[in-house]
Amino acid sequence: MSTKTKLSQIIATIIEVMDDKILRGSMGEIGGLFEKGQHQTLVVFEKQIGKLFSPEEVEYLRANHFFLLTKRVNRKECAVYDWTAMFSKDEELERIQAQAREAERIGRTEAKRLALLRAHVSKEKTLASMLEQAMLSHPNVRLDAGSFTDKVKPGKGNLGVPLLFLSDLHYSEVVQADQIDGMNAYDVEIANKRINRVFENTHKMLSSHLKADHGSIVVAMGGDMISGDIHEELKETNDLRTTEAVFNLADRLALGLKGLASEFKTVHVPCVVGNHGRLTKKPTAKNFGLDNWDYVLYTMIAQQLKREAPNVIVHPTRGMDLDFQIFNTRYKLTHGNQFKSNGGIGGIWPSLMRGNANRQKRAGIFGQTYDFLMMGHFHQLGYVEDLIVNGSVKGYDEYASSKGLPFERARQALWLTHPEEGRTITSQVFADEDPARSKQRSVKGTAFHITA
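Below or above, wherever it landed, is the structure these notes cover. (Residues numbered from 1 in each chain as written. Predicted model: local features only at pLDDT ≥ 70, side-chain atom pairs only at ≥ 80, totals over all residues. Heavy atoms only, no water.)

1. With respect to the overall build of the protein
The number of helices and strands found in the protein is twelve helices and eleven strands. Going through the 452 residues of the protein one by one, you find that 46% of them count as buried. Relative to all contacts within the protein whose residues are 6 or more apart in sequence, the contacts with residues 24 or more apart total 73%. (Helix = DSSP H or I, 4+ residues; strand = E, 2+ residues; numbered from the N terminus. Buried < 20%, exposed > 50% of the residue type's maximum accessible area, 1.4 Å probe, protein only. Contact = heavy atoms within 4.5 Å.)

2. A word on the pattern of salt bridges
Tallying each qualifying case throughout the model produces eleven salt bridges. Residue Lys235 is joined to Glu232 by a salt bridge in which the shortest nitrogen-to-oxygen separation is 3.8 Å. Of this pair, Lys235 and Glu232 both sit in helix H8 (residues 232-237), three residues apart, which is roughly one turn of that helix. With relative accessibility at 46%, the residue Lys235 sits in the partly exposed group. Classification of Glu232 by relative accessible area gives partly exposed; the value is 45%. One salt bridge in this structure joins Arg330 and Asp371, with 3.6 Å as the shortest N-O distance. Pair noted here: Arg330 is in strand S6 (residues 329-334) and Asp371 is in the loop between helix H11 (349-365) and strand S7 (372-375), with a separation of 41 residues, a long-range link. By relative accessible area, which is 32% here, Arg330 ends up partly exposed. On the accessibility criterion, Asp371 (27% relative accessible area) is partly exposed. (Salt bridge = Lys/Arg side-chain N within 4 Å of Asp/Glu carboxyl O.)

3. Looking at the packing of aromatic side chains
In this structure the tally under the stated criterion is five aromatic pairs. Taking the centre distance of 5.4 Å and the plane angle of 25° together, the rings of Phe324 and Tyr331 count as stacked. Judged by its relative accessible area of 3%, Phe324 is buried. Residue classification places Tyr331 among the buried positions, given a relative accessible area of 0%. Through a chain of ring-to-ring contacts, three or more aromatic side chains come together here, namely Phe324, Tyr331, Phe372, Tyr383 and Trp415. Sitting above the plane of the Phe430 ring, Arg409 keeps its charged end 3.9 Å from the centroid. (Phe/Tyr/Trp six-rings, centres within 6.5 Å; stacked < 30°, edge-to-face > 60°. Lys NZ or Arg CZ within 6 Å of the ring centre and 35° of its normal.)

4. Remarks on the sheet that holds strand S4 (residues 312-315)
Ordered in space as S4-S3-S2-S1-S10-S11, the six strands form an open sheet in which the pairing is mixed. With one partner strand each, in any of the chains shown, S4 and strand S11 (422-430) form the two edges of the open sheet. Each strand of the sheet is rotated relative to its neighbour by a mean of 20°, with strand direction disregarded. Packing of helix H7 (residues 188-209) onto the sheet brings it into contact with strand S1 (161-166), strand S2 (216-221), strand S10 (411-418) and S11, and relative to S11 it is tilted by some 135°. (Pairing = 2+ DSSP bridges. Axes fitted to C-alpha atoms, helices over the stretch in contact; angles between N-to-C directions.)

5. A look at the side chain of Ser172
Its place among the elements puts Ser172 in the loop between S1 and H7. Contacts of Ser172, omitting those with residues within four sequence positions, involve Val188, Ser227, Asn238, Asp239, Leu240 and Ala245.

6. A look at the packing of H7 against helix H9 (residues 242-261)
Two elements in contact, H7 and H9, have axes whose closest approach is 10 Å; the angle formed by their N-to-C orientations is 15°. When the axis of H7 is compared with that of H9, the two are roughly parallel. The crossing of H7 and H9 is right-handed. Each of Asn192, Ile195, Asn196 and Phe199 in H7 lies in contact with H9, whose residues at this interface are Leu249, Arg252, Leu253, Gly256, Leu257 and Leu260. Class assignment for the residues of the contact of H7 with H9 results in six nonpolar, three polar and one charged. (Parallel < 35°, antiparallel > 145°, perpendicular 65-115°, else oblique. Left-handed = near helix turned anticlockwise from the far one by under 90°. Nonpolar A, V, L, I, M, F, W, Y, C, P; charged D, E, K, R; others polar.)

Below, the structure is given as C-alpha cells:
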C-alpha cells in the first residue's frame, strides 16, 4: 500500500469522526467545534497511523501533515479539501524511502561481492601453498638461487651458455587490431603460435647460426606471464578466465622447455613474478612472490616436467628479485614494476639507469653486487650498459597506442654468457611474423577517400 493510499484512509476516517455540524456550519462555528472535537480527532489519527505506518513514518507525518490538517480544517468545504500539498510531501517521503531501499540493496550486493572476493583470494592462497608444498618434494625444483653452471666446463668451440629471456606474455589478453590501426592483434590462438615460434627460433638460431656445444641453457621467466584481472577492462575482455589461462599456458611452456631439454644437458629456469598475476587488487610488499598466479604457473610447469624432463630445473622465488650466476657473470632478475619511467627525450632509459644505480649501491652494502640487471615490464627490448630490458610476446597494444609510444614488434632477448668474457653475443628472437614479409598482413585504409 502506497503512502498516498494510507493517507487517504486516514483523512476519510477523520472526516467521518467530525460532527456533521462542523462540515455544515460557518467558518466561525467550524473553528469552535473543532477545538472541542480536536482531542477525539487526534486519538483516531494516532490509532490509524499506528496501524498503517512504521514509527519512522509516524514521526514524519506528525512533523509534516497533521499540522496541515489542523490548519486547513477552517476551510468551509473540508470534505473536498485539495490535499495536493500533502501528497507532494508524501511523494518526497516515498522517494527518500526508495533511496534508502536502494542503498540497502547495494550494501547487500557489495557485502556479497567482498565476501566472494575474500573467498577467492583465500582459495588461491591455499592453492599456491599446496603447490609449493608439492613442489618442495620434487628434485627438479629449487627455491634457492645459485650458480647454474657448476658442471659446465669451458672447452674448445664453446661460445658460452645461451640465455633466453621470456617475459610479458600477457597470455589471454585480447588486442583488437581495429583499435590500433591494424598494427597488431593478440588473443590466445595468436599467443600459442608466438610462444611456439619463440622456442623454435631459439633452437634454430643456436643450432644453425651459433653452432657450438653449449651444454646448458637458461630460460629466465620474468613475470607478467598471464593477463590477470587486476584491471576491470582486462576482466571484461580477456579470452579466458585466469584459472584456464594458467592451465593452458603451463602446458604450452612445459612443451617448449621439454623440447629444449632434449637438446641441452641442463635447462635452468629462474623465475620471478610480475604485477599482472597478483591475487590482490592493490600491489603488496609482503608475500609478493607467493600471492601471484605467475608463481602458481611456475610450480605447475615443474610438476609436469618432473618425470618427462628431469634435467629441467625450475628456480622460483618468493621475493621480487632472484640472483644467479653463469660462470663468473652475476645476474639479478626482476620484473621491473617497482621501477618508474619518467619519459622525456631519453625515453625509459635515464630513469631505469638511475634506479639500477641505486639498486647496485644497496646490493654493494651486503656484498650482493651483480654485473647485469634483467627486467621486463616495459615491453621495449634493449641492452644498455649493465641493464637488460626485455620486449614482450604480446606486442603493441591499445595502452601503448594511447600513450603515443613507439611501435615495437613482439620479441624476446637472447644472448650468450662466455666463461671468460662474460656476456658476449646479444640478439633477439621474434615472436610475431615479419609484417613486411607476411602475406596475411592487414593493410588499413582510410575511412574514405575524396579524389575530386
